[in-house]
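Summary of structural features
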Amino acid sequence: MTARTTRRTTANKSRTAAVGAIAVAGALLLTACGDQTGSGSGADETKGTKSSNAPLFDKLPKKYQDAGKIKVGTDAAYAPMEYEEGGKIVGIDPDIAAALGKQLGVEFEFTSGTFDGLITSLNTGRQDIVMSAMSDTKARQEGLDDKGKKAGKGVDFVDYFESGVSLLVKKGNPENIKSLDDLCGKKVAVQRGTIYEDTFKDQAKKCGKEKLEISAFDTDAEAQTRVKIGGAVADLNDYPVAAHIAKTAGGGKDFEVTGDQIGAGPFGIAVNKDNTELRDALKAALDAIIKNGEYEKVLEKWDVKDSAVTEATVNAGK
């Protein structure tokens, strides 16, 4: 997926993520069906609540008022941010969306796809927003590809979460990896189209002749498997996600988190640049749930309070 120019980038404070155990193999099964893995939502309580009685219903564009829903693109293979359980997409992002839905009076309908196709699904109108632990970056705001060339008109972000990234290595850390510099001359695995992949590419340049070999995969679960079997020495992920994987995969016997967190930055809800009215409605709803305490309750539930923002911002990423 938070960490993927991936998805993400986060704060340097230590944080943990507590959810039910989901093994790497299970995550692979969930993502094996490809780009259209079905839909679900953590916002069941908002279904059918199209209502002018909701506090911020009037701020929504009429098309969403009439539809009674906002279509959300996500990559539901990134526990605890978003993942599938019992045929539904659950996690931190769906729970925050459910709280937003109460303010706006509509359902947030999540559909899973591959991470690197989410912005395309937004720009083509298949989805109304993207909420997938996606890092708010200037490149995404401006529609630039990984070479800095214009590839689209870009998107706007409503920033709702802070996170940093960590290295995930095989249990016992057999290669004694403690920092990015320790990766030179070795092989790493990562999810394609993420900020993590960019981080590894930047490190590869620093390694120079001591080549860093990068294997990129459609899902992070595949990258984890490569590390688990010894085909790569490390994966890179948002700290809450890396900590969750280390705690749950193989009963806590497959991986461990090593070194300090890298970088800091916001995750944002991506919105088409032409859809400023929806963007502003989401910002108002986020400010509302921060003020009324619903936002804090979600972060407490998932044990990620250190990732909280104090107010909604737009395009605060760098």
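No experiment lies behind these values; they were computed from the predicted model shown.

1. A word on the nonpolar core
Grouped burial of nonpolar side chains is what soluble globular proteins tend to show. With 74 residues, the main nonpolar core has Ile70, Ile96, Leu104, Phe108, Ile129, Leu183 and Leu282 as its most contacted residues. It is strand β8 (residues 155–170) that provides the largest number of residues to this core, a total of 7 residues. Residues contacting Ile129, with those up to four places away along its chain left out, are Ile70, Lys71, Val72, Gly73, Phe108, Leu122, Ile269, Ala270, Val271, Leu278 and Leu282. Residues Phe115, Leu122, Val130 and Ala270 belong to the second largest nonpolar core, which totals 8 residues.

2. Side note on the state of the cysteines
Under the definition given, this model contains 1 disulfide. The partner cysteine of Cys184 in its disulfide is Cys207, sulfur to sulfur 2.0 Å. Across the S-S bond of Cys184 and Cys207 the torsion is about -80°, and the bridge reads as left-handed. You can see Cys184 sitting in the loop between β8 and β9 (187–191) and its partner Cys207 sitting in helix α6 (residues 195–207), a full 23 residues away along the chain. No difference in accessibility class separates Cys184 from Cys207, as the two residues are buried.

3. Overview of the confidence of the model for the protein chain
Do not read the fine detail of predicted coordinates wherever pLDDT is low. Taken over all residues, the pLDDT of the protein chain has a mean of 86, while the share at 70 or more is 84%. Within the model, the stretch residues 1–39 combines pLDDT values under 50 with 187 contacts to residues more than four positions away or in other chains. Scored below 50 in pLDDT, residues 41–49 shows 24 contacts in the model against residues more than four places distant or in partner chains.

4. Describing the pattern of salt bridges
Summed over all chains, the structure comprises 15 salt bridges. We note a salt bridge from Lys201 to Glu197, for which the minimum N-O separation is 3.8 Å. Here Glu197 and Lys201 lie together in helix α6, a separation of 4 residues that amounts to about one turn. Between Asp254 and Lys228 there is a salt bridge, with its nearest N and O atoms 3.5 Å apart.

5. Here's the deal with the environment of Lys318
By the element assignment, Lys318 lies in the segment after β13 (313–314). Measuring from C-alpha to C-alpha, the distance between Lys318 and Ser135 comes to 9.6 Å, with 183 residues separating the pair along the chain.

6. A short note on helix α9 (residues 276–292)
Here α9 is 17 residues long and its end C-alpha atoms lie 24 Å apart, about the 24 Å a rise of 1.5 Å per residue gives. The set of residues buried in α9 consists of Leu278, Arg279, Ala281, Leu282, Ala285, Leu286 and Ile289. Around the axis of α9, the buried residues are gathered within 160° of arc, so they sit on the same side. Looking one or two places after α9, you find Gly293, whose phi comes out positive at around 95°.

7. Comments concerning the environment of Ala151
Checked against the element boundaries, Ala151 lands in the loop between α5 (138–142) and β8. What makes Ala151 exposed here is its relative accessible area of 61%. For the pair Ala151 and Ala139, spaced 12 residues apart in sequence, the C-alpha to C-alpha distance is 9.9 Å. Residue contacts for Ala151: discarding those within four places in its chain leaves Gly143, Leu144 and Asp145.

8. Concerning the pairing of strand β2 (residues 69–74)
Pairing geometry for β2 and strand β6 (residues 107–112), over 6 bridges, is parallel. What sits directly across from Thr74, in β6, is Ser112.

What counts, and where the lines are drawn
- Sequence order as written defines residue numbering, which begins from 1 separately in each chain.
- Since the coordinates come from a predicted model, pLDDT governs what is reported: local features require at least 70, and pairs of side-chain atoms require 80 or more to be given and counted, while whole-chain, interface and lining totals use all residues.
- The basis for every side-chain value is the complete set of non-hydrogen atoms in the structure, without hydrogens or water.
- Residues belong to one nonpolar core when they are buried, are Ala, Val, Leu, Ile, Met, Phe, Trp, Tyr or Cys, and are joined through side-chain atoms within 4.5 Å.
- For each residue, the accessible area found with a 1.4 Å probe, counting protein chains only, is set against the maximum for its type, and the residue is called buried under 20%, exposed over 50%, and partly exposed in between.
- Here a helix means four or more residues in a row that DSSP labels H or I, a strand means two or more in a row labelled E, and each is numbered from the N terminus.
- Pairs of residues are marked as contacts when any of their non-hydrogen atoms sit within 4.5 Å.
- In this description, the term disulfide denotes a pair of cysteine sulfurs within 2.5 Å.
- Residue-level confidence of the predictor is summarised by pLDDT, bounded by 0 at the bottom and 100 at the top.
- A pairing counts as a salt bridge when a side-chain nitrogen of Lys or Arg comes within 4 Å of a carboxyl oxygen of Asp or Glu.
- Every helix has an expected span of 1.5 Å times one less than the residues it contains.
- Here the arc refers to the directions that run from the helix axis out to each C-beta atom.
- One requirement defines pairing of two strands: DSSP has to find at least two bridges between them.

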